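Survey of secondary and tertiary structure
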Amino acid sequence: MSASNKSLVFVSEDLVFNLSNENVSYIFRVSPEGILEHIHFGGAIAPTHGLAAGPRREFRCTVLEFQGIKNYSLDDTPQEYPLFGTSDTRQPALHVVNSDGNSTNTFLYKSHEVVLDKPLLNGLPSARGNTLGNKGGDQKSNDSETLLLTLVDQTSELEVTLRYTIYADHDVIARSATIRNCGSKEVLLHNALSSSLDLPQSEYELVHLRGSWSREFEQERMDVPHGRFVIDSTRGTSSNAHNPFLAVLSRGADERKGDVYGTALMYSGNFAISVEKNEFESVRVSAGINPFNFQWRLQPEEEFVTPESLQVFSSEGLSGMSHVWHGFVNGMISPPQFDGVPRPTYLNSWEAAYFDVSHDVVLGLADKAKSLGVEMLVLDDGWFAGRDDDTSSLGDWFSDPKKFPNGVEETARLVKQKGLKFGLWFEPEMVNKESQLYRDHPDWLIHVPNRTLSTGRYQHTLDLSRTEVVDYLYARLDSFLSSGLIDYVKWDMNRVMTEVGSAGLPAERQLEVPHRYMLGLYSLVERITTKHPSVLFENCASGGNRFDLGMLRYMSQGWVSDMCDPIGRLSIINGASLLFPLSTLASYIGPVPNHQNGRQTSVKMRTEVGFFASARGLSLNEEDLNASEDEIKDAIKLYKASAQDMVDGDFSRIKYQDNEVCWQLISKDGRRVYVGYYHILSAPNLPYRRAKLVGLDSSAQYKLEHGNQVFGGDALMTLGIDLPYVDAMQHQDDTDYTNHLEKGDFTSRLIVLERT
Ligand code: DGJ
């Protein structure tokens, strides 16, 4: 990736703003009245070229004319920052109750400024502006440029600064807004979104990721309906029900072709993304903090910063969009110290021993891990004071003296002496009532006084809107990490919020709690990850209940789902890969029958589905490990040999149908191509099928790693590769690369090709 020397933001004398890199342009203008009118987001248009189309002002039987201006209706005008109450009846970007009690505002252009690079957001996660990130380097590079544009409402004396960052090497526009109270009285924010995008009239579909525990990231696709379609969270986490991501597609777009507009929020709390189509077929995509149950009191001279919203455009279908997201997440969001760094294979204690962990159990697992070639031992839940099951002890982050008489640190030291890395599980944000922490600080949990609190897994959420709670958690975590013995932290979070209230805030600020919680959480993870930059953090929330770009800013990878059955995982990885690169995904080979759905699958199938992730390992007890020792050793060997490619290779979805799935990964240097093929239910005598690979060098030849066949890159992409099939008679020899799938359900084949 190289920094461009060209400017990225162009402003004409008549205030047309053109943000362009080689592939995309984002264009808007200031109207004579001062309204920001959106013109284009899509393929690149040179700033010196005339625009063939833009907002129109022609007679239409609309009755609303903004400020009485003939034929100028905001309801019919694409805008950058739409407001309520002055002739636009659609979803506004901002809804404020002014000090005189009304909610009518008109924000007009005041000034603008273009800065090199990208100012970080205060207290919130945001994408970096240059590729060097925390590795240091020239902050004045042209990797990105940011337009800061200020609008003002003269009557209420509110100002809004909109931030737009465009990147030279990523087809992404990063947006956020700062609302400033320049008046002398308090105002109430009821809705303060991060981005609003008006798309040109056309036929659109949308795709989003819905789910639940153990079945996260299912893709749902539909026509954009008239009215408003909303995905959101009210749970205090971004949630597994809807990931804070949505893409609008030109009708019929598929993996390889069609226009795709993706929006994702760098936010981990209550969010809403809506798509609204009005009577003129205008389509508005709005994204930000969920306005439901949100209110923020903005005092004179205070400002409110919205989370960052990221917008991607690709004309090359869903895969084109995913490639943009993958490059951007790796280069601009994930912690830079782990960018391109292979992750260690691991053995995790959870499905091996659940709460029955102890010094001896851990050392036994460590010996086994070592003998299998595994590189890290992870001690999951159950190691801290009194934690024998899930009813107690969250909050008491001290080693259990019964299970670890000399402390977990001593166990870690001995594990490391064996030449393994050591990882430790925490669930910092939670507390059980059965804990010393709760007895000492009964008001430290999120609660509403005089109400019986709902529980989730017997636990409650600590009130991270309070600095003393954040400080306590920081001190406890820091005391373990400062030992220098912990290489990896799994940061879990296993319930969502109910009865939301804080003893630390007055009555009139109770609706601020969910966002203040997020600010507290971000400050905690920012502090602890900055103090311990060499510790690899994994984000987990019962799997994917808070798997979002906000958390990925601090934690390089995530436990994408508790679903470890490979068949259950196929749709999860397929969906998650719309947005997230493999570098961010963790997986392990779990036990059979699978603990989530009872399915029985081979070690081979489990290995080959788990293959497409960066952090790969095992969670099996000694008996299971012994029973499949050779196969597991091979799996670990495979994982170690491909570890580099999983963090910087290029992943593509090739096929996803009811009964079969095919994925592909090309190593960064283009020398290795991994093709994973998964066949779910067995059937004899199926038609022969092929999969067309993508992104290969058409002039190169590729040789099978195990076999002699050589194929041209052009042939693999245009003719395709034969897919393995079930040979009902099983009479052919197995020298052919396709081999035959074993008879039976749940079979797979990993094909590795090497460029010659
Ligand atoms: C939920 C996680 O998703 C699991 O992997 C495991 O860490 C448990 N919590 C431990 O309680």
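Residues numbered from 1 in each chain as written. Predicted model: local features only at pLDDT ≥ 70, side-chain atom pairs only at ≥ 80, totals over all residues. Heavy atoms only, no water.

1. A short note on the overall build of the protein chain
When you go through the protein chain residue by residue, the secondary structure sums to 14 helices and 40 strands. By its C-alpha atoms, the protein chain is 80 × 70 × 45 Å across when sized along the principal axes. When the 756 residues of the protein chain are sorted by exposure, 62% land in the buried category. Look at the contacts in the protein chain between residues 6 or more apart in sequence, and 69% of them connect residues 24 or more apart. Accessible surface for the protein chain amounts to roughly 27,900 Å². Of this, 49% is attributable to carbon and sulfur atoms. Taken as two groups, the 71 positive and 101 negative side-chain charges of the protein chain have centres that lie 1 Å from each other. (Helix = DSSP H or I, 4+ residues; strand = E, 2+ residues; numbered from the N terminus. Buried < 20%, exposed > 50% of the residue type's maximum accessible area, 1.4 Å probe, protein only. Contact = heavy atoms within 4.5 Å. Areas by Shrake-Rupley, 256 points an atom, 1.4 Å probe, with all protein chains shown as cover. Lys, Arg positive; Asp, Glu negative; His and termini not counted. Charge placed at Lys NZ, Arg CZ, Asp CG, Glu CD.)

2. Overview of the sheet that holds strand E4 (residues 36–43)
In sheet architecture, strand pairing relies on hydrogen bonds along the backbone and comes in two forms, parallel and antiparallel. Ordered in space as E1-E2-E3-E4, the four strands form an open sheet in which the pairing is antiparallel. Edge positions in the sheet fall to strand E1 (9–11) and E4, since each of these pairs with one other strand and no more. Ignoring which end each strand starts from, the neighbouring axes of this sheet average 15° apart. Bridge analysis of E1 against strand E2 (residues 16–20) gives three bridges, and the strand direction is antiparallel. By the bridge assignment for E2, Val9 is matched with Leu19. (Pairing = 2+ DSSP bridges. Axes fitted to C-alpha atoms, helices over the stretch in contact; angles between N-to-C directions.)

3. Digging into the sheet that holds strand E31 (residues 650–656)
Overall, antiparallel pairing links the six strands, which are arranged E31-E32-E33-E40-E35-E36 in an open sheet. The strands lining the two open edges of the sheet, one partner per strand, are E31 and strand E36 (710–712). Each strand of the sheet is rotated relative to its neighbour by a mean of 25°, with strand direction disregarded. By the bridge criterion, eight bridges tie strand E33 (residues 672–679) to strand E40 (residues 747–755) in an arrangement that is antiparallel. Bridged to Arg672 within E40 is Glu754.

4. A look at the site of the ligand
Inspection of the region around the ligand gives 13 residues, with Asp380, Asp381, Lys490, Asp492 and Asp562 positioned closest. Taking Arg457, its side chain carries an N or O atom lying 2.9 Å from an oxygen atom of the ligand. Asn494 has a polar side-chain atom sitting 3.5 Å from a nitrogen atom of the ligand. Contact with the protein chains removes 97% of the 290 Å² of surface that the ligand exposes when unbound. Among the residues making up the shell around the ligand, the classes are represented as four nonpolar, three polar and six charged. (Near = heavy atom within 4 Å. Polar contact = N/O pair within 3.5 Å; in protein donor to acceptor, adjacent residues only side chain to side chain. Nonpolar A, V, L, I, M, F, W, Y, C, P; charged D, E, K, R; others polar.)

5. Details of the nonpolar core
Within the largest apolar cluster, 187 residues are counted, with the highest numbers of intra-cluster contacts made by Trp383 and Leu549. Those residues in contact with Leu549 that lie beyond four places of it in its chain are Ala264, Leu265, Met266, Leu310, Trp325, Val329, Ile333, Leu579 and Phe580. Counting residues in each nonpolar core, the second largest holds 21 residues, with Tyr677, Leu693, Tyr702 and Val726 among its members. (Core = buried A, V, L, I, M, F, W, Y, C linked by side-chain atoms within 4.5 Å.)

6. Overview of the side chain of Gln91
Mapped onto the elements of the fold, Gln91 is located in the loop between E4 and strand E5 (94–97). For Gln91, a relative accessible area of 10% translates into the label buried. What Gln91 contacts, discounting residues up to four positions off in sequence, is Pro82, Asn191, Leu193, Arg228, Ser274, Glu276, Arg284 and Ser286.

7. Overview of helix H10 (residues 603–610)
Residues three or four positions apart in an α-helix share a direction because the helix packs 3.6 residues into each turn. H10 sits mainly inside the fold: seven of its eight residues count as buried. Residues of H10 that are buried include every one of Val603, Met605, Arg606, Thr607, Glu608, Val609 and Gly610, and no others. Buried residues along H10 sit in contact with helix H9 (566–576), strand E29 (585–589), strand E30 (615–618), helix H12 (629–641), E33 and E40.

8. A look at the pattern of salt bridges
Considering all chains together, one arrives at 49 salt bridges under this definition. The partner of Arg546 in a salt bridge is Glu429, and the shortest N-O contact between them spans 2.7 Å. Linking Arg546 in the loop between strand E27 (536–539) and helix H8 (549–552) with Glu429 in the loop between strand E23 (421–426) and strand E24 (430–432), this pair joins segments that are 117 residues apart in sequence. Classification of Arg546 by relative accessible area gives buried; the value is 1%. (Salt bridge = Lys/Arg side-chain N within 4 Å of Asp/Glu carboxyl O.)

Any functional reading would require information that these geometric values do not contain.
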